[in-house]
Amino acid sequence: MAAIRTISPVVVRRLAIAKQRLGGPRPARPGSPDLLEVARAIRCLQLDPIAAVARSHLLVLWSRVGPFDPAALDRLLWSDRALFEYWAHAASIVLTEDYQLHRGRMRTFPRGRTIQSKRTKAWIEANLSLRQRILRELRRSGPRPSRAFAAADASERWASSGWTNGRDVTQMLDILMTQGRIMVAGRDGQGRLWDLAERCLPEWTPRRALPEREIFGRAAALAIGALGAGTTRDVMQHFLRNWYDDLPSVLRALERQGEIQRLAVETGDHSPAHEAFVHVQDLALLDEIAAGGGPEPRTVLLSPFDNLICDRARTRRLWGFDFTIEIYVPKSKRRFGYYVMPILAGDELVGRIDPILDRASGRLVVRAVHTERGRADASTATGIRGSLEELATFVGAREIAIPGPVPAAWRRGLAS
């Protein structure tokens, strides 16, 4: 089918920012309903244990709603059970209303003919007694931390080249979670409390098993809605990353059904336009943005795992922004810093900062500020300073210190 219209990369960027809730007014007093609305818009919140400033999923929400009480998110997770922890494009917080989509992975894991899948299947079979012991203890004793199973013995040890090597209980707990038998029932500090899934899911959870083809169609449509406009590859990498079978035919079916439409996106370098898809519900917003309107983008700092930039190839293509997390890079080889947060200003990624929260002194310390080529205008610094002040408020810092290098055009605005 021919593309219905050709649009510029600027329009695609602004649509992505709007759909990611990074533009327009924010709630005056953000609470659980606002956080749930953001989760519905972006579909998942990636989990990561590093808290140089704050946990990533909290930063993703903060970028969209401003400073909020984390207890509001806890209510959604552990009281309302509107959210739960599972796999999306990575370990994530996902929506309970999407349970049917995630159940496809649950009931088929581990599937495939890869060496890893075959090894996992064999390891599960060899350790059925460990599996049954964990389930039996959870059924008898209720929510338990991983350490409560530390004495359990495996018939065959789990071997890997990473941190899970020899961690048989941890591996089996993760397998049981992926299969939907158990869930994270709460948190003990940073540690997870495990319980049977049947005791964690609310009564209203949609449990009817869906055919895989329907799962793929629903998930692809939700991914396109979260992306704003996305190529086939973009959709494959988002939400249910690499889980779709024959995604091109899934997208063609959605197009025939009138749920999505095809676009041609200009490249800006005289090469042929590339194909992308947009949800029909977003066509009016797309037209508004193309006419110069739409939600006004903000100046805000992004978690290194933010949904807007988590697909590094898409980030390079749309923004010309080459972003690599340097947490695991030796200090002497880092270009930008340990925990770098990209700076979104308007529809551009204009730079990056390297902050850390000094909890002992109550200071938010910015160890370096970097600008992208030609984007260090003085007016942007005021917005960056405002975002830093909001971040300090959110993480409980009493002071902002910027001892590291700062682009000359930004020094006065950041120091104010």
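These notes cover the structure that comes with them. (Residues numbered from 1 in each chain as written. Predicted model: local features only at pLDDT ≥ 70, side-chain atom pairs only at ≥ 80, totals over all residues. Heavy atoms only, no water.)

1. Description of the overall build of the protein
Here comes step 1: Of regular secondary structure, the protein possesses 16 helices and 15 strands.
Here comes step 2: The C-alpha radius of gyration computed for the protein amounts to 23 Å, which stays within 12% of the reference 22 Å derived for 416 residues, consistent with globular compactness.
Here comes step 3: Oriented by its inertia axes, the alpha-carbon framework of the protein measures out at about 65 × 60 × 40 Å.
Here comes step 4: Out of the 416 residues in the protein, the part that is buried amounts to 56%.
Here comes step 5: At a minimum sequence separation of 6, the contacts of the protein that also span at least 24 residues come to 65%.
Here comes step 6: On the protein, roughly 18400 Å² of surface is accessible, and the fraction owed to carbon and sulfur atoms is 50%. (Helix = DSSP H or I, 4+ residues; strand = E, 2+ residues; numbered from the N terminus. Rg over C-alpha atoms; globule rule 2.2 N^0.38 Å. Buried < 20%, exposed > 50% of the residue type's maximum accessible area, 1.4 Å probe, protein only. Contact = heavy atoms within 4.5 Å. Areas by Shrake-Rupley, 256 points an atom, 1.4 Å probe, with all protein chains shown as cover.)

2. Describing the packing of aromatic side chains
To describe a pair of aromatic rings, you give the distance between the ring centres and the angle between the ring planes.
Here comes step 1: Tallied over the full model, the rule gives 5 aromatic pairs.
Here comes step 2: Judged by centre distance (6.2 Å) and plane angle (40 degrees), the rings of phenylalanine 84 and tyrosine 86 are tilted.
Here comes step 3: Overall, phenylalanine 84 belongs to the buried group, its relative accessible area being 6%.
Here comes step 4: Members of the aromatic cluster, connected to one another through ring pairs, are Phe84, Tyr86 and Tyr99.
Here comes step 5: Sitting over the ring of tryptophan 243, arginine 105 keeps its end group 4.4 Å from the ring centre.
Here comes step 6: Over the face of the ring belonging to phenylalanine 321 we find arginine 352, whose NZ or CZ atom lies 4.2 Å from the ring centre. (Phe/Tyr/Trp six-rings, centres within 6.5 Å; stacked < 30°, edge-to-face > 60°. Lys NZ or Arg CZ within 6 Å of the ring centre and 35° of its normal.)

3. Remarks on the sheet that holds strand S5 (residues 144–145)
Here comes step 1: The 3 strands are arranged S5-S7-S6 in an open sheet whose pairing can be described as antiparallel. Strands at the two margins of the open sheet, each flanked by one partner only, are S5 and strand S6 (182–188).
Here comes step 2: Strand direction decides the pairing type here: S6 and strand S7 (residues 191–196), joined by 6 bridges, are antiparallel. Paired with aspartate 188 across the bridge in S7 is glycine 191.
Here comes step 3: Across the sheet, helix H8 (residues 168–178) is in contact with S6 and S7; its angle to S7 comes to roughly 55 degrees. (Pairing = 2+ DSSP bridges. Axes fitted to C-alpha atoms, helices over the stretch in contact; angles between N-to-C directions.)

4. As for the pattern of salt bridges
Side-chain pairs of opposite charge can arise whenever the charged atoms involved come near each other.
Here comes step 1: Overall, the coordinates contain 29 salt bridges when judged by the stated rule.
Here comes step 2: Measuring nitrogen to oxygen at the nearest pair gives 3.3 Å for the salt bridge that ties glutamate 348 to arginine 13. Of this pair, glutamate 348 sits in strand S13 (residues 348–358) while arginine 13 sits in helix H1 (residues 9–19), placing them 335 residues apart in sequence.
Here comes step 3: With a closest N to O distance of 2.9 Å, glutamate 137 and arginine 133 form a salt bridge. With a gap of 4 residues between them, glutamate 137 and arginine 133 both fall in helix H7 (residues 128–141), about one helical turn apart.
Here comes step 4: Judged by its relative accessible area of 28%, arginine 133 falls in the partly exposed class. (Salt bridge = Lys/Arg side-chain N within 4 Å of Asp/Glu carboxyl O.)

5. Things to note about helix H14 (residues 312–319)
Here comes step 1: Three or more residues of H14 are buried, namely Arg312, Arg314, Thr315, Leu318 and Trp319. Relative to the axis of H14, the buried residues are bounded by an arc of 155 degrees and lie together on one face.
Here comes step 2: In this structure, the buried side of H14 is in contact with H1, helix H10 (212–227), strand S8 (229–230), helix H11 (232–236) and S13.
Here comes step 3: Structurally, the start of H14 carries an N-cap: the backbone nitrogen of alanine 313 is 3.3 Å from a side-chain oxygen of aspartate 311.
Here comes step 4: Two residues or fewer after H14 comes glycine 320, characterised by a positive phi angle close to 65 degrees. (Arc of directions from axis to C-beta. Polar contact = N/O pair within 3.5 Å; in protein donor to acceptor, adjacent residues only side chain to side chain.)

6. Describing H1
Here comes step 1: Most of H1 is tucked away: 10 of the 11 residues are buried.
Here comes step 2: Taken residue by residue, H1 has Pro9, Val11, Val12, Arg13, Arg14, Leu15, Ala16, Ile17, Ala18 and Lys19 as its buried positions.
Here comes step 3: Immediately beyond the C-terminal end of H1, within one or two residues, lies arginine 21, with a positive phi of roughly 65 degrees.

7. A closer look at the environment of alanine 71
Here comes step 1: Within the secondary structure, alanine 71 is located in helix H4 (residues 70–79).
Here comes step 2: In the structure, alanine 71 is positioned 174 residues away from aspartate 245 in sequence and 38 Å away in space, judged by C-alpha atoms.

8. Considerations on the pairing of strand S4 (residues 91–95)
Here comes step 1: Counting buried positions along S4 gives 4 out of 5 residues, so the element sits mostly inside the fold.
Here comes step 2: Looking at chain direction, strand S2 (residues 44–46) and S4 are connected through 3 bridges and run antiparallel. The residue bridging glutamine 46 from the neighbouring strand is serine 92, located in S4.
Here comes step 3: Taken together, the 5 bridges between strand S3 (residues 83–87) and S4 define a ladder with antiparallel strand orientation. Following the sheet pairing, tryptophan 87 is matched in S4 by alanine 91.

9. Examining the sheet that holds S13
Here comes step 1: Across the sheet, which stays open at both edges, the 5 strands sit in the order S11-S12-S13-S14-S15 with mixed pairing between neighbours. The sheet terminates laterally at strand S11 (299–301) and strand S15 (399–401), the two strands that pair on one side only. For this sheet the average axis-to-axis angle between neighbouring strands, irrespective of direction, equals 30 degrees.
Here comes step 2: Along the sheet face, helix H15 (residues 378–395) touches S11, strand S12 (341–345), S13, strand S14 (363–371) and S15 and points at about 45 degrees away from the line of S11.

What is shown is where atoms sit, not what they do.
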